[in-house]
Amino acid sequence: MLAEIKGLNEECGIFGIWGHTEAAQITYYGLHSLQHRGQEGAGIVVADGESLKGHKGLGLVTEVFSNGELQKLNGMAAIGHVRYSTAGGGGYENVQPLLFRSQSGSIALAHNGNLVNATELKIRLEQQGSIFQTTSDTEVFAHLIRRSMAPTLKEQIKIALNYLEGAFAFLLLTETELYIALDPNGFRPLSIGRLGNAYVVASETCAFDVVGATYEREVEPGELIIINAEGVHSERFAEKRPRSICSMEYIYFARPDSNVDGINIHTARKNLGKRLALEAPVEADIVTGVPDSSISAAIGYAEATGIPYELGLIKNRYVGRTFIQPSQSLREQGVKMKLSPVSGVVAGKRVVMVDDSIVRGTTSKRIVNMLREAGATEVHVRISSPPITHPCFYGIDMSTREELIAASHSVEEIRQLIGADSLAFLSLEGLIEAIGRPSDSPWCGQCMSCFTGKYPLNTFQE
Ligand code: SF4
């Protein structure tokens, strides 16, 4: 599905490298492959052993670094960030990495996730004299580090990390060191790889493939990794909690060529489609997927039912940024600009339309309409995830509870509202079993909060 019209957005992607003469260039390519995780801003900070310098801006990676800015970023280490803003809102000052300079040295920060206690911490820090430059909750972390009286930066970071609640994957760069940290629940993915003698770290492994790096391992929840001239050192800043990696990474966000915590995304989605076929079969002539993220699930559904997979919908790949955030009044036009039914394929056919999720329901309704207008005789909607009934507090921007159609409507009511001949969602068990994470943790180590309303950090229990 198309993130920007669906109301479901990843907040960020992060990339870092240590020990390479072309650190900024490699970070640029890494960020480019993570562009699907955030399109509103991008930035890179490099370290040359003595100082930090960076460039950032609003827009896509290719727009922000279009005029030779990369050439000015010399250094052997770099961190980069692509941003979709929700926590703290948009604006240049909130584009990351955030760079802080002080007498004791500089630090640059790139963060993926959402701190659920950011406001509370901010109030406390302001009462103690902190002044914030941005409205981003990431800055809270920098203030906590600087306020710590611990003797070393590493200890200061560890103490600061323990104040934070929520989802965070952090990259922190100093003149001479790269720090990598993942929250104790491990909500967001974060992997480490090697590029020759250099180390790379990224939100998704697709970034490794693009820069020619090889995957080494996942960053563990509650782990702090320090890379410097002496090598790589790992320690814990917190006890490991049961893993709660975001289910939506598997269902929708991550690129199909990425592996998230060891599981390939295309394969996971295909298995979701197969399971959906077992749970909700229907007689039809063709199966089609809503591009791009639902295609793998549609292929799985087709394979399991024996109904042929066809290209019933195509995405216009040349829609510019003008249409990335259409206003409510332009949303309809936005959908049409981005997605077209292939009437030569769907006309006269009973169509199974596989999608990964339904947020507000408005987009599903328009696609069902489009297929009917193109001549489909029946449209059966199959969703490769359970109904989203609760909002996310861990870094995914989705609609408020009032806007989530499944929070207040039954499956039959949603079917009527979107105008489908039939509608079925994948079960909670189906989601877990199809992804097949080998884990003893609840829900096999997946966060399921937006489907169940049970939040792992207990903060928002209803
Ligand atoms: S609440 Fe949903 S979107 Fe948010 S982290 Fe959990 S699974 Fe992901």
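Just so it is clear, the structure is predicted and the values come from calculations on it, not from any experiment.

Caption draft 1: Structural context of the UniProt feature "binding site: Mg(2+)" (unreviewed entry) in the chain. In this numbering, the UniProt entry assigns the feature "binding site: Mg(2+)" (unreviewed entry) to S293, D355 and D356. Despite a sequence span of 64 residues, these residues sit close together in the fold, their greatest C-alpha distance being 8.0 Å. Relative to the helices and strands, D355 is located in strand β21 (residues 350-355). Only 2.9 Å separates the side chain of D355 from the side chain of S294, close enough to count as a polar contact. At a separation of 2.9 Å, a polar atom in the side chain of D356 contacts the side chain of S294.

Caption draft 2: The arrangement of the pairing of strand β8 (residues 166-173) in detail. With respect to burial, β8 is a largely interior element, eight of its eight residues being buried. Strand direction decides the pairing type here: β8 and strand β9 (residues 178-182), joined by five bridges, are antiparallel. Residue pairing in the sheet places L173 in a bridge with L178 of β9. Linking β8 back to β9 in an antiparallel pair, the connection comprises four residues.

Caption draft 3: View of the domain arrangement of the chain. Assigned domains within the chain: domain 1 (13-241) and domain 2 (263-452). Each of domain 1 and domain 2 has a C-alpha centre, and the two are 33 Å apart. Domain 1 puts 13 residues into the contact, and the matching count from domain 2 is nine residues. Of the roughly 900 Å² buried between domain 1 and domain 2, counting both surfaces, carbon and sulfur atoms make up 59%. The three residues of domain 1 that bury the most area against domain 2 are Y84, F187 and R188, which together make up 39% of that side's buried surface. At the boundary of domain 1 with domain 2, the tally comes to zero salt bridges. Applying the counting criterion to the domain 1 and domain 2 interface returns two residue pairs in polar contact (both at pLDDT 80 or more). Each residue belonging to the side of domain 1 that touches domain 2 can be placed in one class, and the counts come to five nonpolar, five polar and three charged.

Caption draft 4: Region of the structure containing the sheet that holds β21. As summarised here, the arrangement of the four strands in space is β18-β21-β22-β24, forming an open sheet in which the pairing is parallel. One side of each edge strand has no neighbouring strand; the edge strands of this open sheet are β18 (286-289) and β24 (422-425). Direction aside, neighbouring strands of the sheet carry axes that sit 20° apart on average. Here β18 runs beside β21; their pairing, made up of four bridges, is parallel. If you follow I286 over to β21, its bridge partner there is V351. Taken strand by strand, helix α10 (residues 295-305) contacts β18, β21 and β22 (378-383), and its axis lies near 160° from that of β18.

Caption draft 5: Geometry of the site of the ligand. In the neighbourhood of the ligand, the contacting residues comprise C246, S247, M248, C392, Y394, I396, M398, C447, S449 and C450. Taking a 2 Å distance to the grid points as the criterion, the majority of the atoms of the ligand fall inside the largest cavity. For the shell around the ligand, the elements supplying multiple residues, two or more each, are α8 (247-253), β23 (396-398) and α17 (449-452). Partitioning the shell around the ligand into residue classes produces eight nonpolar, two polar and no charged.

Caption draft 6: Region of the structure containing helix α6 (residues 153-163). Listed in full, the buried residues belonging to α6 are Q156, I157, K158, A160 and L161. Buried residues in α6 make contact with α5 (138-147), β8, β9, β13 (223-228) and β14 (231-236).

Caption draft 7: View of the sheet that holds β9. In spatial order, the strands read β6-β7-β8-β9-β13-β14; together these six strands make up an open sheet with antiparallel pairing. Both edges of this open sheet fall to β6 (98-102) and β14, since each of them pairs with a single strand only. Strand-to-strand twist in this sheet, taken as the mean axis angle between neighbours without regard to direction, amounts to 20°. Where β6 lies against strand β7 (residues 105-115), five bridges are found, and the strand directions are antiparallel. In the strand pairing of β7, F100 is matched with I107. Across the sheet, α6 lies against β8, β9, β13 and β14, angled at about 155° from β13, the strand it touches most.

Caption draft 8: Here's a closer look at the side chain of N117. Within the secondary structure, N117 is located in the loop between β7 and α4 (118-127). Beyond its immediate sequence surroundings of up to four residues, N117 is in contact with Y163, L164 and E165.

Caption draft 9: Looking closely at the packing of helix α9 (residues 265-279) against helix α16 (residues 428-435). Put simply, α9 and α16 touch, their axes get as near as 8 Å, and they point 140° apart. When the axes of α9 and α16 are compared, the pair comes out oblique. The handedness of the crossing between α9 and α16 comes out as right-handed. In this structure, α9 uses A268, N271, L272, R275 and E279 to contact α16, whose residues at the interface are E429, G430, L431, E433, A434 and I435. When grouped by side-chain class, the residues that make up the contact of α9 with α16 number five nonpolar, two polar and four charged.

Thresholds applied
- Residues numbered from 1 in each chain as written.
- Predicted model: local features only at pLDDT ≥ 70, side-chain atom pairs only at ≥ 80, totals over all residues.
- Heavy atoms only, no water.
- UniProt positions renumbered as here; feature names shortened; annotations may be inferred.
- Helix = DSSP H or I, 4+ residues; strand = E, 2+ residues; numbered from the N terminus.
- Polar contact = N/O pair within 3.5 Å; in protein donor to acceptor, adjacent residues only side chain to side chain.
- Buried < 20%, exposed > 50% of the residue type's maximum accessible area, 1.4 Å probe, protein only.
- Pairing = 2+ DSSP bridges.
- Domains from an automatic or database assignment.
- Contact = heavy atoms within 4.5 Å.
- Buried area = accessible area lost by both parts, 1.4 Å probe.
- Salt bridge = Lys/Arg side-chain N within 4 Å of Asp/Glu carboxyl O.
- Nonpolar A, V, L, I, M, F, W, Y, C, P; charged D, E, K, R; others polar.
- Axes fitted to C-alpha atoms, helices over the stretch in contact; angles between N-to-C directions.
- Near = heavy atom within 4 Å.
- 1 Å grid on protein atoms, 1.4 Å probe; cavity = no way out; pocket = protein on both sides within 12 Å on 5 of 7 lines; lining within 4 Å.
- Sits in = over half its atoms within 2 Å of the grid points.
- Parallel < 35°, antiparallel > 145°, perpendicular 65-115°, else oblique.
- Left-handed = near helix turned anticlockwise from the far one by under 90°.

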